Amino acid sequence: MSVMSIEKIVEQALQDGYLTPAMEAEVGRICDNASELSIEEYMALDRLMGALLTGEVVAVPRKQFINVMEELVLTEAIARVAEIEATSDKSLDVGDIAAYALNRLPPLYATTEEGATYQRQRAKAELQEFISQQVGEAISRYLDRPDFYPERQAIGKNTGNEVLRQVSTLLQAYAPNFEQKS
């Protein structure tokens, strides 16, 4: 999507009757980067809010999906890495190992809990050995790699919150009802 003003985005949304995730993200980006919004921008946002409340404009939700293969590979990698780290003085990067293995395994996307359960069962029945093999290969490669490129930058250094979010996501995948609704 080319850079658009808030007014143009709202105009487009009113015309189409839909606010897409890209449009929503662009409005968010403009608001985050602006030290102050103009009166026209406030009026446009107010108009959009009103249209969303009346249903004149519908917000299109982002498609929610997961790659079940990621959780299966992570589980396998964490177990294997923990084993190695407990019995040696080596320290391994689970992310590097999981990424190597994931690049050699088929993705297993699901959009529903039922689909995710089906994909997990299918993977355990048909792909568990292949998953273990790829994680093993990833670990071997990781342990044999030379220590060049010490300046390599990891993608988005994990903050405590990011790790918590990932763990929470993993827990939800394995125990969909683990958070009791109050």
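Residues numbered from 1 in each chain as written. Predicted model: local features only at pLDDT ≥ 70, side-chain atom pairs only at ≥ 80, totals over all residues. Heavy atoms only, no water.

## Comments concerning the overall build of the protein
To be explicit about the condition: Strands here are runs of E lasting at least two residues and helices are runs of H or I lasting at least four, both read from the DSSP assignment and numbered beginning at the N terminus. Partly exposed describes any residue whose relative accessible area lies between the buried limit of under 20% and the exposed limit of over 50%, with all areas from a 1.4 Å probe on protein chains only and scaled to the type maximum. Should any heavy atoms of two residues lie within 4.5 Å, those residues are considered in contact. In these tables, accessible area is a Shrake-Rupley quantity obtained with a 1.4 Å probe, and a residue counts as shielded only by the protein chains included in the view.
Each helix and strand counted, the protein has eight helices and four strands in total. The helix and strand sequence of the protein, counted from the amino end, reads α-β-α-α-β-β-α-α-β-α-α-α. For the protein, with 182 residues in total, the buried portion stands at 26%. Once local pairs closer than 6 in sequence are excluded, the contacts in the protein between residues at least 24 apart make up 72%. Here the protein has roughly 12700 Å² of accessible surface; of this, 54% comes from carbon and sulfur atoms.

## Quick notes on the pattern of salt bridges
For the record, the criterion: The rule for a salt bridge is simple: a side-chain nitrogen of Lys or Arg has to be within 4 Å of a carboxyl oxygen of Asp or Glu.
What the rule picks out here adds up to six salt bridges. In this structure, Glu-71 engages Arg-120 in a salt bridge whose closest nitrogen and oxygen atoms are separated by 2.4 Å. Here Arg-120 lies in helix H6 (residues 113-126) and Glu-71 lies in helix H4 (residues 68-87), a separation of 49 residues in the sequence. Residues Glu-71 and Arg-120 agree in their burial class; the two are buried.

## Notes on the environment of Thr-87
Operational definition: The term polar contact refers here to a pair of N or O atoms within 3.5 Å; inside protein, the definition further demands a hydrogen-donor-capable atom paired with an acceptor-capable atom, and it admits residues adjacent in sequence only when both atoms are side-chain atoms.
Looking at the element boundaries, Thr-87 is found in helix H4. A relative accessible area of 67% means that Thr-87 is categorised as exposed. Separated by 2.9 Å, the side chain of Thr-87 and the backbone oxygen of Glu-83 make a polar contact.

## What about the confidence of the model for the protein?
Here is the rule we go by: Per-residue confidence from the predictor is reported as pLDDT, a score between 0 and 100.
Per-residue pLDDT for the protein has a mean of 83; in total, 79% of the residues score no lower than 70. Across the protein, the secondary-structure element scoring lowest on mean pLDDT is helix H8 (residues 160-174), at 60, and the one scoring highest is helix H7 (residues 128-144), at 94. Contacts from residues 178-182, a stretch scored under 50 in pLDDT, to residues over four places away or in other chains number five contacts.

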